[in-house]
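Chain by chain, the residues run as shown.
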Amino acid sequence: MNVDSKLADIQRQKQNDEDKASSAMRFAMNESLLHQMLPAKVAADLSAGRSVPFEAFDHVTIFFSDIEGFTSISASAQPVEIMSLLNMLYTIMDYCASLFPIYKVETIGDSYMVVGGLPERTEGHTEAVADFALLVRRVVHSVKGMAAIRLRMGIHSGPVMAGIVGHLMP
């Protein structure tokens, strides 16, 4: 075996090792993101290649909100201003949510949704969601630049069916 052949073998092995490390890094990042976006039980099932069955919950409490006049606000502001506003608002709401046994379901545009009593069945979820809403109301209006924002908030309690629909991430 000549030197050039040996060098080529070493370079191929090095590239193969780098490809494996890169693949392992991407897998770890995907797993981390999956566990951040979904409840632990659901993420574990999906990671293991198992389907996630729909599940009925007899009693949960859902909170939803949006910004009153958001369409008008968006029309009169620069996109970066809207994104900054939503980031500030959702950072505040995420922090408030972290103080209660509730689960953040989703944000879409100016809409924010959390649920109590799901994915883990818990007692006292109605009070937790109501306390979250009151805290958000109080905190949002105390933050500089947010006082003019008027949030419409709603809470509903009752039965729901939950699960994963479709196959693509949002």
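Residues numbered from 1 in each chain as written. Predicted model: local features only at pLDDT ≥ 70, side-chain atom pairs only at ≥ 80, totals over all residues. Heavy atoms only, no water.

**Q** Which parts of the structure should I look at to understand the environment of Val165?
**A** As for its position among the elements, Val165 is in the segment after strand E4 (151–162). On the basis of relative accessible area, Val165 is assigned to the exposed category, the value being 65%. The sequence separation of Val165 and Val52 amounts to 113 residues, and the corresponding C-alpha distance is 9.4 Å. (Helix = DSSP H or I, 4+ residues; strand = E, 2+ residues; numbered from the N terminus. Buried < 20%, exposed > 50% of the residue type's maximum accessible area, 1.4 Å probe, protein only.)

**Q** I tried to follow the packing of aromatic side chains on my own but got confused; where do I start?
**A** The way to describe two aromatic rings as a pair is by their centre distance and the angle between their planes. Scanning the model with the defined rule gives three aromatic pairs in all. An angle of 85° between the planes, with centres 5.0 Å apart, marks the rings of Phe63 and Phe132 as edge-to-face. Placement of Phe63 in strand E1 (residues 55–67) and of Phe132 in helix H5 (residues 125–140) is noted, with a sequence separation of 69 residues between them. Classification of Phe63 as buried rests on a relative accessible area of 0%. A residue is classified by how much of its surface remains accessible, and Phe132, at 0% relative accessible area, is buried. Between the aromatic rings of Tyr90 and Tyr112, the centroid separation amounts to 5.4 Å while the plane-to-plane angle is 35°, which identifies the pairing as tilted. Of this pair, Tyr90 sits in helix H4 (residues 79–98) while Tyr112 sits in strand E3 (residues 111–116), and the two are 22 residues apart along the sequence. Grouping residues by exposure puts Tyr90 and Tyr112 together as buried. (Phe/Tyr/Trp six-rings, centres within 6.5 Å; stacked < 30°, edge-to-face > 60°.)

**Q** Explanation requested: the pairing of strand E2 (residues 102–108) in the structure shown.
**A** For a regular strand, side chains alternate in direction, first toward one face of the sheet and then toward the other. Bridging between E2 and E3 involves six bridges; their strand directions are antiparallel. In the strand pairing of E3, Ile108 is matched with Ser111. Turn length for the E2-E3 hairpin, with the two strands adjacent in sequence and antiparallel, is two residues, and the turn residue Gly109 shows positive phi of about 60°. (Pairing = 2+ DSSP bridges.)

What is shown is where atoms sit, not what they do.
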